[in-house]
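# Notes for the structure review
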Amino acid sequence: MTLTFTLDPVVDPSLRDGILGLWADVSNAGGAVGFVPPVTFDDIRPALDKHLVGVADGSCRLLVGHDEDGSVAATAFLTRNAHRLQLHWLWAYTVMVHPRHQGKGYGRELMAATEAAARSLGGVDAIRLTCRGGHGLEHFYEACGYKEVGRVPGAVRVAPGDDRDDITMLLPLY
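A few points on the structure.

### Focus on the overall build of the chain
- When helices and strands are tallied, the chain shows 4 helices and 7 strands.
- For the chain, the N- to C-terminal ordering of α and β elements is β-α-α-β-β-β-α-β-α-β-β.
- Taken over the C-alpha trace, the chain has a radius of gyration of 15 Å; the compact-globule value for 174 residues is 16 Å, and the two agree within 12%.
- For the chain, the spread of C-alpha atoms along the principal axes amounts to about 40 × 35 × 30 Å.
- Within the span of the chain, comprising 174 residues, buried residues form 41% of the whole.
- Long-range contacts, defined as pairs at least 24 residues apart, comprise 59% of the intrachain contacts of the chain with a sequence gap of at least 6.
- Separation of charge centres in the chain, based on 16 positive and 21 negative side chains, amounts to 5 Å.

### Some points on the pattern of salt bridges
- Per the stated rule, a full pass over the model turns up 10 salt bridges.
- Across the pair Asp 8 and Arg 61 runs a salt bridge, and its minimum N-O distance is 2.4 Å. Taken together, the residues span a long stretch of sequence, with Asp 8 in the loop between β1 (4–7) and α1 (13–28) and Arg 61 in strand β2 (residues 61–66) at a distance of 53 residues.
- What makes Asp 8 partly exposed here is its relative accessible area of 34%.
- Residue class for Arg 61 comes out partly exposed when judged on its relative accessible area of 27%.
- A salt bridge links Arg 151 to Glu 138, with the nearest nitrogen and oxygen atoms 3.7 Å apart.

### Description of the sheet that holds β1
- In spatial order, the strands read β1-β2-β3-β4-β5-β7-β6; together these 7 strands make up an open sheet with mixed pairing. Each of the sheet's edge strands pairs with one partner strand only, and the pair in question is β1 and β6 (147–159). The mean angle between the axes of side-by-side strands here comes to 25 degrees, regardless of whether they run parallel or antiparallel.
- Packed onto the sheet, helix α2 (residues 41–57) meets β2, β3 (72–80) and β4 (89–97) and runs at close to 60 degrees relative to β3.
- Packing of helix α3 (residues 106–121) onto the sheet brings it into contact with β1, β2, β3, β4, β5 (126–132) and β7 (162–172), and relative to β4 it is tilted by some 155 degrees.

### Considering the side chain of Thr 168
- Mapped onto the secondary structure, Thr 168 falls in strand β7.
- According to the relative accessible area criterion, Thr 168 is buried, its value standing at 14%.

### Quick look at the side chain of His 51
- Residue position: His 51 is located in helix α2.
- A distance of 2.7 Å separates polar atoms of two side chains, one belonging to His 51 and the other to Thr 94.
- Residue contacts for His 51: discarding those within four places in its chain leaves Trp 23, Cys 60, Phe 77, Tyr 93 and Thr 94.

The rules behind these values
- Residues numbered from 1 in each chain as written.
- Predicted model: local features only at pLDDT ≥ 70, side-chain atom pairs only at ≥ 80, totals over all residues.
- Heavy atoms only, no water.
- Helix = DSSP H or I, 4+ residues; strand = E, 2+ residues; numbered from the N terminus.
- Rg over C-alpha atoms; globule rule 2.2 N^0.38 Å.
- Buried < 20%, exposed > 50% of the residue type's maximum accessible area, 1.4 Å probe, protein only.
- Contact = heavy atoms within 4.5 Å.
- Lys, Arg positive; Asp, Glu negative; His and termini not counted.
- Charge placed at Lys NZ, Arg CZ, Asp CG, Glu CD.
- Salt bridge = Lys/Arg side-chain N within 4 Å of Asp/Glu carboxyl O.
- Pairing = 2+ DSSP bridges.
- Axes fitted to C-alpha atoms, helices over the stretch in contact; angles between N-to-C directions.
- Polar contact = N/O pair within 3.5 Å; in protein donor to acceptor, adjacent residues only side chain to side chain.

Quick look at the structure:
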């Protein structure tokens, strides 16, 4: 089975709730998507609402992967850099695959769909993303063609005494 990806889907209450559920499940499984478990929907809702404001005003693009049951199984948000000298690359963030689907190759599918979406936008020479150290995520992204281009040691404080590196990865599209 594979996921079905849609760039810029209509964001209705069902999709919003599906993304909220995905984000909570990924976070509570220990995923590095901006929260530390345990989290509730109420903890995540303000962050999702902020992302969706960007989707609504066109400053952010949403890529959603649905599984064979039609459930939201993966997401990536894409936004161009706002600096006028850096408009040729975009950020990918809140990149996640539901824990029940991990280990099936869906992460690679998501990253390939993210690359295809970026290419479809035109004028995009590269994709940048950041990941939290301590999970080995940089190795996954390297396997998808990304290169580590920066690391800030201890920039992410997960808990007192548990600081992780903030790692910047880049995928050139040329």
